Amino acid sequence: QVQLVESGGGLVQPGGSLRLSCAASGSIFSIDAMGWYRQAPGKQRELVATITSGGNTNYADSVKGRFTISRDNAKNTVYLQMNSLKPEDTAVYYCNADGWNYSGSWFGSWGQGTQVTVSS
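Every value quoted in this text rests on a predicted model; they were computed, and no experiment measured them.

### Topic: the pattern of salt bridges
Moving on, step 1. With the rule as written, the count across this model stands at four salt bridges.
Moving on, step 2. A salt bridge links lysine 64 to aspartate 61; its shortest N-O distance comes to 3.1 Å.
Moving on, step 3. In this structure aspartate 61 comes out as exposed when scored by relative accessible area, which is 64%.
Moving on, step 4. Taking the shortest distance from any N to any O, the salt bridge between arginine 66 and aspartate 89 comes out at 2.8 Å. Of the two residues, arginine 66 is situated in the loop between strand S6 (57-59) and strand S7 (67-72) and aspartate 89 in the loop between strand S8 (77-82) and strand S9 (91-100); the sequence distance between them amounts to 23 residues. Each member of the pair arginine 66 and aspartate 89 is classed as buried.
Moving on, step 5. Among the charged side chains, a salt-bridge network with shared partners connects Arg38, Glu46, Arg66 and Asp89.

About the thresholds
Residues numbered from 1 in each chain as written. Predicted model: local features only at pLDDT ≥ 70, side-chain atom pairs only at ≥ 80, totals over all residues. Heavy atoms only, no water. Salt bridge = Lys/Arg side-chain N within 4 Å of Asp/Glu carboxyl O. Buried < 20%, exposed > 50% of the residue type's maximum accessible area, 1.4 Å probe, protein only. Helix = DSSP H or I, 4+ residues; strand = E, 2+ residues; numbered from the N terminus.

Laid out in C-alpha coordinates, this is it:
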(Lines give C-alpha, C1' and ligand atoms only; values in the text may rest on other atoms or scores of the structure.)
Protein backbone atom coordinates (compact mmCIF):
# COMPACT_ATOMS: atom_id res chain seq x y z
CA GLN A 1 0.00 0.00 0.00
CA VAL A 2 1.18 3.49 -0.87
CA GLN A 3 0.47 6.49 1.33
CA LEU A 4 0.66 10.15 0.36
CA VAL A 5 1.01 12.86 2.99
CA GLU A 6 0.53 16.49 2.03
CA SER A 7 1.66 19.58 3.89
CA GLY A 8 1.99 23.31 3.40
CA GLY A 9 -1.58 24.52 3.09
CA GLY A 10 -2.96 27.48 4.98
CA LEU A 11 -4.40 30.97 4.82
CA VAL A 12 -2.71 33.55 2.61
CA GLN A 13 -3.63 37.00 1.32
CA PRO A 14 -4.27 37.61 -2.37
CA GLY A 15 -0.98 37.98 -4.20
CA GLY A 16 0.82 35.83 -1.67
CA SER A 17 2.63 32.51 -2.03
CA LEU A 18 2.45 29.02 -0.61
CA ARG A 19 4.43 25.86 -1.22
CA LEU A 20 2.75 22.48 -0.96
CA SER A 21 4.65 19.24 -0.44
CA CYS A 22 3.53 15.64 -0.84
CA ALA A 23 5.64 12.66 0.22
CA ALA A 24 4.86 9.13 -0.92
CA SER A 25 5.78 6.11 1.18
CA GLY A 26 5.13 2.39 1.30
CA SER A 27 5.64 -0.40 -1.17
CA ILE A 28 6.94 1.73 -4.03
CA PHE A 29 9.00 0.28 -6.84
CA SER A 30 8.65 3.27 -9.12
CA ILE A 31 6.42 6.31 -9.51
CA ASP A 32 5.38 7.44 -12.97
CA ALA A 33 3.26 10.56 -12.74
CA MET A 34 2.66 12.74 -9.72
CA GLY A 35 0.25 15.59 -9.60
CA TRP A 36 -1.89 18.08 -7.79
CA TYR A 37 -5.64 18.44 -8.06
CA ARG A 38 -8.02 20.74 -6.24
CA GLN A 39 -11.67 20.84 -5.29
CA ALA A 40 -13.50 24.00 -4.34
CA PRO A 41 -16.82 23.90 -2.45
CA GLY A 42 -19.65 22.87 -4.75
CA LYS A 43 -17.30 22.11 -7.62
CA GLN A 44 -15.75 18.99 -9.12
CA ARG A 45 -12.15 18.05 -8.50
CA GLU A 46 -9.93 19.51 -11.21
CA LEU A 47 -6.37 19.04 -12.38
CA VAL A 48 -3.89 21.69 -11.31
CA ALA A 49 -0.57 20.30 -12.51
CA THR A 50 1.17 17.01 -13.22
CA ILE A 51 4.77 15.93 -13.65
CA THR A 52 6.24 12.71 -15.02
CA SER A 53 9.30 10.90 -13.73
CA GLY A 54 11.22 12.47 -16.60
CA GLY A 55 10.18 15.97 -15.61
CA ASN A 56 7.53 16.67 -18.23
CA THR A 57 4.91 19.01 -16.81
CA ASN A 58 1.33 19.91 -17.57
CA TYR A 59 -0.68 22.77 -16.07
CA ALA A 60 -4.25 23.93 -16.00
CA ASP A 61 -4.65 27.15 -17.97
CA SER A 62 -5.85 28.93 -14.84
CA VAL A 63 -2.51 28.44 -13.05
CA LYS A 64 0.02 28.71 -15.88
CA GLY A 65 2.68 31.28 -15.11
CA ARG A 66 1.77 31.34 -11.40
CA PHE A 67 2.24 27.76 -10.19
CA THR A 68 5.28 25.52 -10.59
CA ILE A 69 5.30 21.77 -10.01
CA SER A 70 8.51 19.92 -9.27
CA ARG A 71 9.57 16.60 -7.80
CA ASP A 72 12.43 14.89 -6.04
CA ASN A 73 12.48 11.33 -7.34
CA ALA A 74 14.96 10.18 -4.69
CA LYS A 75 12.53 11.28 -1.97
CA ASN A 76 9.31 10.31 -3.81
CA THR A 77 8.13 13.84 -3.15
CA VAL A 78 6.27 16.33 -5.30
CA TYR A 79 6.01 20.06 -4.69
CA LEU A 80 3.69 22.82 -5.84
CA GLN A 81 4.98 26.37 -5.61
CA MET A 82 2.01 28.73 -5.82
CA ASN A 83 2.64 32.42 -6.44
CA SER A 84 0.33 35.36 -7.11
CA LEU A 85 -2.49 33.53 -5.41
CA LYS A 86 -6.06 34.60 -6.10
CA PRO A 87 -9.26 34.06 -4.10
CA GLU A 88 -10.41 31.64 -6.79
CA ASP A 89 -7.46 29.38 -5.93
CA THR A 90 -9.17 28.61 -2.63
CA ALA A 91 -9.78 24.86 -2.47
CA VAL A 92 -8.70 21.60 -0.92
CA TYR A 93 -5.58 20.49 -2.77
CA TYR A 94 -4.99 16.78 -3.27
CA CYS A 95 -1.80 14.98 -4.23
CA ASN A 96 -1.88 12.01 -6.59
CA ALA A 97 0.74 9.45 -7.56
CA ASP A 98 0.66 6.55 -10.04
CA GLY A 99 3.24 3.83 -10.34
CA TRP A 100 4.28 0.26 -9.58
CA ASN A 101 4.67 -1.46 -6.24
CA TYR A 102 7.07 -4.27 -5.35
CA SER A 103 4.35 -6.85 -5.96
CA GLY A 104 4.28 -5.86 -9.60
CA SER A 105 0.90 -4.18 -9.37
CA TRP A 106 -0.02 -0.72 -10.62
CA PHE A 107 -1.18 1.71 -7.97
CA GLY A 108 -2.92 5.04 -7.99
CA SER A 109 -3.00 6.80 -4.65
CA TRP A 110 -4.43 10.03 -3.27
CA GLY A 111 -3.47 12.12 -0.29
CA GLN A 112 -5.91 13.29 2.34
CA GLY A 113 -5.96 16.85 1.05
CA THR A 114 -4.72 20.16 2.40
CA GLN A 115 -6.78 23.33 2.60
CA VAL A 116 -5.60 26.45 0.79
CA THR A 117 -7.54 29.64 1.53
CA VAL A 118 -6.78 32.90 -0.25
CA SER A 119 -8.49 35.80 1.48
CA SER A 120 -7.80 39.25 2.81
